Amino acid sequence: MAGEILIADEVRISFEELRTLRRINVVASGTSRHAGLAGQYMFQQLANLPAEVDYASEFEYRNPQIGRAEITIVITQSGETADTMSAQRMAKQKGSRTIAISNVVGSTIAREADGVLYTHAGPEISIASTKAFTAQIGVLFLLAGYLAQVREEISRDALRGWIKELLALPEKTRTVLKTSDQCRQLADRFRKSEDFLFLGRAIHYPVAMDGALKLKEVSYIHAEGYPAGEAKHGS
Ligand code: F6R
């Protein structure tokens, strides 16, 4: 494609197929599914493509109406989650092409996908999965921008503007990390609270859901007697 701004050869699906796509399906579990819900907004807003997000564990039980005109995006940090793997196999069986977004190079789900986008977030060592989530959202944003470019749904200037915003993120992240003392004080103040509400609208809604999941995971571990961060992470 001439004059492209984003290049994503790893998608390994032809421009022709991407241009005639009718819908995107996302399958994932836990935190990866929350990233997928944020991706749904991006696909719909940037690439003008309808997107559906499923719990991987439910996908095969609803006889998904998919085929070659849809692609299935399989999001997984580990690339080995059993439910996500069976959803991917079901999508392939139905004729859908699959693109994996995975953190682990050469994982089963990555190997079985038509295209793979790696998050390269480094190994997840302690619960809860946080940097994987951030990296998945970054990759979904790039993929949505790429689809918008291929389908000519976005002007070059608008796409450049979005990429500029993306490149500004590391600096913004550094600013957030400087609030760690303030976070410690807040944690100390609220550590005995028994209920929390996480609120968010639009693309912040899945972020709120993931915040809630993180707090549940960490306080559950703590209740089991392990200091948060020292327990082995399962995925
Ligand atoms: C959350 C967490 C789990 C995983 C889920 C999917 O902090 O670690 O909810 O997100 O088990 O795992 P992957 O992404 O490896 O498929």
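Residues numbered from 1 in each chain as written. Predicted model: local features only at pLDDT ≥ 70, side-chain atom pairs only at ≥ 80, totals over all residues. Heavy atoms only, no water.

This brings us to unusual backbone geometry. Peptide bonds are trans in most cases, and residues, glycine excluded, mostly fall at negative phi. Positioned with a positive phi, Asn63 is a non-glycine residue whose angle comes to about 45°. Tracing the backbone through its elements, the reader meets Asn63 in the loop between helix H3 (56-59) and strand S3 (70-76). (Helix = DSSP H or I, 4+ residues; strand = E, 2+ residues; numbered from the N terminus.)

What follows is about the nonpolar core. Counting residues in each nonpolar core, the largest one holds 40 residues, and the members touching the most others are Val11, Ile24 and Phe43. Where this core is concerned, the elements lending two or more residues are strand S1 (23-28), helix H2 (30-46), strand S2 (51-55), S3, strand S4 (97-102), helix H6 (131-150) and helix H7 (156-167). The biggest single contributor to this core is H6, with 11 residues. Non-local contacts of Val11, meaning those with residues more than four positions away in its chain, are made with Leu18, Ile99, Asp114, Gly115, Leu117, Leu143 and Tyr146. Of all hydrophobic cores here, the second largest spans 14 residues; its members include Ile66, Met85, Ile109 and Val116. (Core = buried A, V, L, I, M, F, W, Y, C linked by side-chain atoms within 4.5 Å. Buried < 20%, exposed > 50% of the residue type's maximum accessible area, 1.4 Å probe, protein only. Contact = heavy atoms within 4.5 Å.)

Let's shift gears to the domain arrangement of the chain. How big an interface is tends to be expressed through the accessible area that disappears when the partners come together. Examined at the domain level, the chain breaks down into domain 1 (15-154) and domain 2 (179-234). The centre of domain 1, based on its C-alpha atoms, is set 26 Å off from the matching centre of domain 2. Around 1,300 Å² of area is buried between domain 1 and domain 2 when both sides are counted, 72% of it from carbon and sulfur atoms. Interface area lost by domain 1 to domain 2 is led by His34, Tyr41 and Ile127, which between them contribute 46%. The tally of links between domain 1 and domain 2 comes to 0 salt bridges. At 7 residues, H2 tops the list of elements feeding residues into the side of domain 1 that touches domain 2. A class-by-class count of the residues in the side of domain 1 that touches domain 2 yields 8 nonpolar, 6 polar and 1 charged. (Domains from an automatic or database assignment. Buried area = accessible area lost by both parts, 1.4 Å probe. Salt bridge = Lys/Arg side-chain N within 4 Å of Asp/Glu carboxyl O. Nonpolar A, V, L, I, M, F, W, Y, C, P; charged D, E, K, R; others polar.)

Right, let's talk about the pattern of salt bridges for a bit. Evaluation of the coordinates by the stated rule reveals 14 salt bridges. For Arg89, the salt bridge is made with Glu112, and the minimal N-O distance between the two is 2.6 Å. With a gap of 23 residues between them, Arg89 in helix H4 (residues 82-93) and Glu112 in helix H5 (residues 108-112) connect regions that are remote in the sequence. Overall, the relative accessible area of 22% leaves Glu112 in the partly exposed class.

Around the ligand lies a shell of 14 residues, among which Ser32, Gln77, Ser78, Thr81 and Glu217 are the nearest. One nitrogen or oxygen atom from the main chain of Thr31 is found 3.1 Å from an oxygen atom belonging to the ligand. For the ligand, an oxygen atom lies 2.6 Å from a polar atom in the side chain of Ser32. Coverage of the ligand by the protein amounts to 88% of the 410 Å² it exposes when considered alone. Secondary-structure elements contributing two or more residues to the shell around the ligand are H2 and helix H10 (204-223). For the shell around the ligand, the element with the highest residue contribution is H2, accounting for 3 residues. For the shell around the ligand, a count of residues per class yields 1 nonpolar, 11 polar and 2 charged. When we break the shell around the ligand down by domain, the ones giving at least three residues each are domain 1 (15-154) and domain 2 (179-234). (Near = heavy atom within 4 Å. Polar contact = N/O pair within 3.5 Å; in protein donor to acceptor, adjacent residues only side chain to side chain. Areas by Shrake-Rupley, 256 points an atom, 1.4 Å probe, with all protein chains shown as cover.)

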